[in-house]
Amino acid sequence: MQTSGRQLKLTAFCHPPGHWRMPGASPTDMDFQECVHLAQVAERGKFDMLFFQDSAAVAPAFYLSGGKAEALAEAARCVRLEPLTLLAGLATVTQRLGLVATATTTYNDPFSIARKFATIDHISNGRAGWNLVTSQNVDEAQNFSAAQHLDHALRYERAQEFYDVVSGLWDSWEDDAIIRDRQTGRYIDPRKLHVLNHKGAHFSVRGPLNVARPPQGYPIVAQAGSSEPGRELAARTADVVFTAQISLEEAQNFYADLKGRMARYGRSADHLKIMPGIRYVLGATESEAKERYEMMLAEASDEGALASVQRLCGDLDIRRFPLDGPLPDLPPSNAAKARQKMMIDLARRENLSIRQLARRFTFSLGHLVHVGTASGLADMMQTWLDNDAADGFTMLSPYYPKPLEEFVATVIPELQRRGIFRAEYEGTTLRENLGLPFRTNRYVGLRKAVNSG
Ligand SMILES: Cc1cc2nc3c(=O)[nH]c(=O)nc-3n(C[C@H](O)[C@H](O)[C@H](O)COP(=O)(O)O)c2cc1C
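This section reports on the structure supplied with the text. (Residues numbered from 1 in each chain as written. Predicted model: local features only at pLDDT ≥ 70, side-chain atom pairs only at ≥ 80, totals over all residues.)

Attention now goes to the site of the ligand. Residues in close proximity to the ligand total 24 residues, the closest being Gly 225, Ser 227, Gly 230, Ala 336 and Ala 338. Elements with a minimum of two residues in the shell around the ligand: strand S4 (128–133), strand S8 (240–243) and helix H9 (337–349). Looking at which element gives the most residues to the shell around the ligand, the answer is H9, with three residues. Split by residue class, the shell around the ligand holds six nonpolar, 15 polar and three charged. (Near = placed C-beta within 6 Å. Helix = DSSP H or I, 4+ residues; strand = E, 2+ residues; numbered from the N terminus. Nonpolar A, V, L, I, M, F, W, Y, C, P; charged D, E, K, R; others polar.)

In structure tokens form, the structure reads like this:
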């Protein structure tokens, strides 16, 4: 196959425990050593980053069902380690792997988020990344003193300002502002300290941050929203975009649309890496992969599958409709607009019943699914890379750690053989490995700043 000379970027997506009853599966949810193992496997495979998805609520369906929901595959996602704390731990047992976690702008405050990611960037010597989300899980609201989930448009308005405050705080200290001069006793150079004094519609934050300039300038900022306001926010602020695209053509449209928006913010299209997700099931042969896939599909109950699509159905109770009938028209969702549209499109395009749609969606998490061999997967990744559909991929393991171990043992060498994936890390920071410049809004020290708008 012809190559364009470009190289793939790779994210290992963590959403444990997944199909935890499969042979070779470990939960990888509450056991730190299991997380260490996963990180070390990803680093052995020269992945750019390991990414922990997150939300801060246990769905009431699991404890209000009178025990009926306790054995659902989805109930297994009820417990997890707080991911920023986890990243700090993983930073000490890895050397080159980027470490990324979700933190929501809807139920956090910007000073704390700026401080925590700056700290992880220092602990890891420049390998931290923040997946900025506005929260797709409506159940978070009541854990943070809100009666209801904030409206979608308002969430994004808040997210825009949240980013400005966080990035402004990361610019508090110039590179050489902390001098610690033993001779004179001067600890800081106040001329190189910038007080933010931010006053806006949502936040009032004086600053400065009490953590020195992060090693990457700004830790990597990732995003995963695909709605109109989500794309605008990403075009202005993101270094990486995780996305769910299920056909080459849709992925090309998304890629062109998002990169096309960046010039308005004075940004180069190369400074944003778009990484669609792939839910992958590998086998030594097609039939072995298919067998594993069928095993996992068989695990899902109708009730569990329905629970996982219900959140995209607005206030319509999908359980009231015949399971073998078509998906009814849905009212708007306040949870995830682009995701809802994708689900409706899939149901209409393939004429799926509610039951079929729910099972498919539960397994795929809304992403492209590959069931097959390592070389088949490498073919697809190469095609998307060469046809402006992706800069890399977010690999969604169906369970942990075996599929990732197999990916590293079989797909990575195949990608390397084709010259589309690194044999060694290019740099020491996540930015360097992603091929992204040091980022700041100020001219700092001797480094050339990238104006990110
Ligand atoms: C790969 C991927 C990972 C995501 N991780 C999270 C997450 O950790 N927490 C969260 O609340 N939403 C997460 N989302 C959802 C998005 O942040 C976003 O809410 C969703 O795609 C809907 O965005 P939209 O309303 O702009 O379409 C993720 C989405 C994708 C594609």
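Interhelical geometry of helix H1 (residues 32–44) versus helix H12 (residues 402–417) gives an angle of 15° and a closest axis separation of 9 Å. By the criterion of interaxial angle, the relationship of H1 to H12 is roughly parallel. Judged by the sense of rotation from one axis to the other, the crossing of H1 with H12 is left-handed. Where H1 approaches H12, its residues Leu 38, Val 41, Ala 42 and Arg 44 are matched on the opposing element by Leu 404, Glu 405 and Val 408. Here the residues of the contact of H1 with H12 sort into five nonpolar, no polar and two charged. (Axes fitted to C-alpha atoms, helices over the stretch in contact; angles between N-to-C directions. Parallel < 35°, antiparallel > 145°, perpendicular 65-115°, else oblique. Left-handed = near helix turned anticlockwise from the far one by under 90°. Contact = placed C-beta atoms within 7 Å.)

On to the pairing of strand S10 (residues 368–372), then. On any regular strand, side chains alternate: one points to one face of the sheet, the next to the other face. Of all the five residues making up S10, four are buried; the element is thus mostly covered by neighbouring parts of the structure. One ladder, built from five bridges, connects strand S9 (residues 273–282) with S10; its direction is parallel. From the neighbouring strand, Tyr 280 faces S10, where its bridge partner is His 370. (Buried ≥ 20, exposed ≤ 12 C-beta atoms within 10 Å, placed from the backbone. Pairing = 2+ DSSP bridges.)

Turning our attention to the packing of helix H2 (residues 83–91) against helix H3 (residues 110–123). Axis separation between H2 and H3 bottoms out at 9 Å; the angle between their running directions is 10°. On the basis of the axis angle, H2 is roughly parallel to H3. Side by side, H2 and H3 meet where Leu 84, Leu 87, Ala 88 and Ala 91 of the first sit next to Lys 116, Ile 120 and Ile 123 of the second. Grouping the amino acids of the contact of H2 with H3 by side-chain chemistry returns six nonpolar, no polar and one charged.

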